[in-house]
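Survey of secondary and tertiary structure
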Amino acid sequence: MIVSTIVALTCLEPAPLAPTHFLTTEDVRSAWRRPVHTDEVEAWVVADKPLTSKMMGAPAWTTVEPDDGGAVAIPRGGWGLFVFHSDTDTPAVLDAAAFGEAWINGLPRGGDTYGDGHTRLPFLMRAGRNEVLLRSGRGNPAPKVWTRDMLAQHEASPGAPRVALLGDRDRTLPDAIAGRPFDEWAAILIYNVDATPLTGTHLSVTMGDLSTVTAVPTIQPLSFLKVPVQLRGPASDAGSTECTIQLQDARGVNLDIDTVSIRVRTPEQWRKQTFISSIDNSVQYYGFVPPEPGGDMLPGTVLSLHGASVKGGRQASCYRSRPWCMVVAPTNRRPFGFDWEEWGRLDALEAMDNAQSRFPNNPGLAWLTGHSMGGHGTWNIGLTVPERFAAIAPSAGWQSFWTYGGPERYPADGGVRELLRRAANPSDTELLIPNADRFGIYVLHGDQDETVPVSEARAMREKLGSTHADFAYYERPGAGHWWGDECMDWPPLFEFLKRHTLGEGGRRDRLVFVTVDPSASSTCDWVSINQQRICLEPSTVNLAIEQSDQGTTITGNTDNIRRLSIDPMHPDVDGVTEVTLDGGSPIQINGTTMVHLLRSESDLWTLDKAAPTDEKNATRNGRLRSAWNNNVLLIVGTTGTTDETTWNRARARQDAERWWYRGNGLVEIIDDTNFSPTENPDRGIMLYGNADSNGAWKTLLGKSPVQVTRDSVRVGDRVLPGPLAVTIVRPRPGSDIASVAAVIGTSGEGQRLAATLPLFFSGVGWPDWMVMEPSVLSKGEDGIVGLGFFGHDWEIQNNQSAWRGVVD
């Protein structure tokens, strides 16, 4: 019988390899939700110095003994060094948990920050000494290594080494519904434990008398992917049913096989629904509570956001069914995920859209609620996209990272720190408070909350309670952070939601709307903010609608807007004939076509065409991580030296592992030699390697004002010698929507520094470009050489750039 999972390896003989040496450091790290941090061990790694060196300034290591289970306690903010020995070079798998990030034999890898126990890392074990460096996480790691010779042999080919494995952890599985045929998507981990790519494989699934075949994308050497797999089966009774999954090569030979149990729910029970995400083609799920049968109207949708460490299914299980609503509980991509910001927000809205397209509902009835981290998400998502919800109801929520558990905001110092402050503006809930007038608000909090202080709720009451026309507030006496399902499924809260309808009250005579990032939210009712003057500063419209026998006029003020559009066919402004903005001359318009307005450098508004797609706009507005929003393709540079290519492959693999761990995500990795600019031109791209080591650089970033070679960095007219690390985002040539991004460096220290940057950590604000020295790991922000935002034309703007030691 084939041993089908890595977890099953624990029963094999011989036992896995254990470390021969265990060493740890004390706390050497100062890091939070900022793009740079300090870390003595990482500084040593970036400098490529021996980890256990006795040189002055070297990290202080202490030899420790593991417990009976092989686990070692790494002090928070510290590192553990685990030494393994091998007689030969061989593919192997590191089996560990509860570590933040890893370096294996000098190459960067993903981690298991939250101690989920899902992370298994294939790697090439060298003959002799192998160093596994693990940063502290939640729990105590007990690393062990399985060499490929220890893995099970394929039963159809005795003696053949095991090169591919199905993982039995971290599966995304849908629920079936009793009495109904089953046709849904799932996702499963596949490991490539070989030094060559795993190509031409597929997953064959059998359920009852039905079967499906799903192609598996190429899995890079010594790597893994969580891949979609289609499940199709006959109707079954409530309880559970099974399917057989076979990983097969192109000849149909089994590489691995496993049996998977699928839960079967009754139509009235809450269940897990899966869908293919438009962000990256991965399989995601949401918990779904169907409406109670027998309602006399189409139900509305309650979008419910879970707290930190909670799963979407657990969130859904807290709610009773009601005839007037269905509950959709998305995942934030992971239990911790992205704090419901950026990809967390996109996941929530994707899940809501999927449910509303699948199940009968009234689109005018949509509400938003959430608990703890989900309470923060309720504030942030509700205020970011205010026209989506009739009412919001945060429970035990916090405002922003700076009011709850995070560092102070960067100061507005006129220099580097001020631009870093601005880069994080989309996370600042307070900047979006003017949008709160769009909907009803119910705030729920326990007055003895030991996790999220009730002061968070009281602060929002102070900001909104005295001026908001539809604001309700309740503090539960004696209640802590969690007081049972009622702290989410609170009857008065749901009654409040039920009373609210999108667009209630008829035509509005005034529209106030603010956005910090038009690519996150640009449109409210009949106005769209398409382009900012200053990137990521609040952009606001305050417009009044006046109707008379002569027609409808729009008058008002704007702030930090270069381009906006008005939809004259919207019911609120039907028949509009004239627009006057910021005290300027009236602009006569045709009331039957979209109106596009441009504000000149002399502050005059004029009629214009739609925002050009080659300029910043509401679809593509910069921001480093935006490249990951369009089915990102990771391109490995192979045109440099052998060492550079090895490094580029490792960095792409590291980001793929990070994206899987934090975002339950899926990526495709290809070599630059296999990249075709015309194939899938609207995919986002991440480049690995610089202009000297990545053959796709010239095509994708050749016209960028920021250029990186193995020796230097050029920003506009400035040429900066390495070692330096660089982050950059640009529009993808030939695409109206996709971006190209890179987190790279000059050779050596520069490229290693790039591997330490927290690309996926929520709340971290990234400018459009940034250049930093390895000294950031000891000096923090003082090691940043320069940074900035591109102008609307994607060129360097002096008034949106800052350089070290220069204060405006």
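The preceding data block contains the structure.
The notes below deal with the structure included here. Quick caveat, the model's predicted, so the values are computed rather than measured.

Time to look at the packing of aromatic side chains. Aromatic ring pairs are reported here in terms of the distance separating the ring centres and the angle at which the planes meet. A complete count under the given rule lists 27 aromatic pairs for this structure. Ring centres 5.0 Å apart and planes at 85° place the aromatic pair Phe224 and Trp660 in the edge-to-face group. A residue pair is termed long-range when its members are at least 10 positions apart, and Phe224 in strand E17 (residues 223–233) and Trp660 in helix H8 (residues 642–663) qualify at 436 residues. Across this residue pair, the class does not change: Phe224 and Trp660 are buried.

All right, on to the sheet that holds strand E9 (residues 120–125) then. Spatially, three strands are ordered E9-E6-E11 in an open sheet, and the strand pairing comes out antiparallel. Of all strands in the sheet, those bounded by a partner on one side alone are E9 and strand E11 (144–147). Each neighbouring strand pair of the sheet contributes to a mean axis angle of 30°, computed without reference to strand direction. In the sheet, strand E6 (residues 90–95) pairs with E11 via four bridges, with the strands oriented antiparallel. Across the sheet, the residue bridging to Asp95 is Lys144, located in E11.

With that out of the way, let us pick up the pairing of strand E22 (residues 300–305). Within a regular strand, the side chains alternate between the two sheet faces. Where burial is concerned, most of E22 is hidden: six out of the six residues are buried. Residues Gly300, Val302 and Ser304 of E22 are buried on one face, and the alternating residues Thr301, Leu303 and Leu305, pointing to the opposite face, are buried as well. As defined by bridge partners, E22 adjoins strand E23 (residues 325–329) across four bridges and the pair is classed as parallel. Across the sheet, Thr301 pairs through a bridge with Met326, a residue of E23. As judged from the five bridges shared by E22 and strand E24 (residues 366–371), these two strands associate in the parallel manner. Across the sheet, the residue bridging to Thr301 is Ala366, located in E24.

Okay, helix H6 (residues 455–464) next. Of the residues making up H6, those classed as buried are Glu456, Ala457, Met460 and Leu464. Projected down its long axis, H6 carries its buried residues within an arc of 100°, all on one side. In this fold, the buried residues of H6 make contact with helix H4 (373–384), strand E26 (440–446) and strand E27 (471–476).

Conventions used here
Residues numbered from 1 in each chain as written. Predicted model: local features only at pLDDT ≥ 70, side-chain atom pairs only at ≥ 80, totals over all residues. Heavy atoms only, no water. Phe/Tyr/Trp six-rings, centres within 6.5 Å; stacked < 30°, edge-to-face > 60°. Helix = DSSP H or I, 4+ residues; strand = E, 2+ residues; numbered from the N terminus. Buried < 20%, exposed > 50% of the residue type's maximum accessible area, 1.4 Å probe, protein only. Pairing = 2+ DSSP bridges. Axes fitted to C-alpha atoms, helices over the stretch in contact; angles between N-to-C directions. Arc of directions from axis to C-beta. Contact = heavy atoms within 4.5 Å.

On their own, these measurements won't tell you what the molecule is for.
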